[in-house]
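Inside the fold
This is what each chain is made of:
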Amino acid sequence: MPEEHICGKCGVHQEIVDKVSKVMPDEAVLYEAAELLKVFGDSTRIRIIFVLCESEMCVCDIAKLLGMTQSAISHQLRVLKQARLVTCRRDGKTIYYSLCDSHVKTIFYHAMEHVME
């Protein structure tokens, strides 16, 4: 049985291809976007992002809230920090973590909205 094409024919829609080709980002940019989205692909990191959407927190508090070890949380925070999703500040001996900017919260909330539809 022949493969059915949505357009009803096998020809390329050159006008559409040309239009999209003009705005297509460089491969390096697309690669970086893919790497960023991989960071969101871990449920522990998503849980950490959720709590940091609500409040700045230290490792101890995040670990207690999520029922995990401080070591496990620290590891995931390191990944989030390397991806520039999380930042930190020191207050005495305590380090507090927060989201880098509103873009992180926006990405997270859009993902939540999408899965809750």
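To keep things clear, this report deals only with the structure shown in the data block. (Residues numbered from 1 in each chain as written. Predicted model: local features only at pLDDT ≥ 70, side-chain atom pairs only at ≥ 80, totals over all residues. Heavy atoms only, no water.)

Attention shifts here to the environment of threonine 44. Mapped onto the elements of the fold, threonine 44 is located in helix 3 (residues 43-54). Assessed through its relative accessible area of 14%, threonine 44 is described here as buried. When residues no more than four places from it in sequence are discounted, the contact partners of threonine 44 are Met68 and Gln76. (Helix = DSSP H or I, 4+ residues; strand = E, 2+ residues; numbered from the N terminus. Buried < 20%, exposed > 50% of the residue type's maximum accessible area, 1.4 Å probe, protein only. Contact = heavy atoms within 4.5 Å.)

Time to look at the pairing of strand 3 (residues 94-99). For strand 1 (residues 57-58) and strand 3, the ladder comprises two bridges, and the chain directions are antiparallel. Each bridged residue has a counterpart across the sheet, and for cysteine 58 the counterpart in strand 3 is tyrosine 96. Two elements, strand 2 (residues 86-91) and strand 3, share six bridges in a ladder whose sense is antiparallel. Counterpart to threonine 87 in the pairing with strand 3 is serine 98. The turn joining strand 2 and strand 3, which pair antiparallel and follow one another in sequence, is formed by two residues; a positive phi near 70 degrees is taken by glycine 92. (Pairing = 2+ DSSP bridges.)

The subject of this paragraph is the packing of aromatic side chains. Pairs of aromatic rings are described using the distance from one ring centre to the other and the angle between the two planes. Evaluation of the coordinates by the stated rule reveals two aromatic pairs. Centre to centre, the rings of phenylalanine 50 and phenylalanine 108 are 6.1 Å apart; their planes meet at 55 degrees, and the pair counts as tilted. With phenylalanine 50 in helix 3 and phenylalanine 108 in helix 6 (residues 102-115), this pair connects stretches of sequence that are 58 residues apart. Here the aromatic rings of phenylalanine 108 and tyrosine 109 are separated by 5.7 Å at their centres, their planes lie at 55 degrees, and the arrangement is tilted. The exposure class assigned to tyrosine 109 is partly exposed, which follows from its relative accessible area of 36%. (Phe/Tyr/Trp six-rings, centres within 6.5 Å; stacked < 30°, edge-to-face > 60°.)

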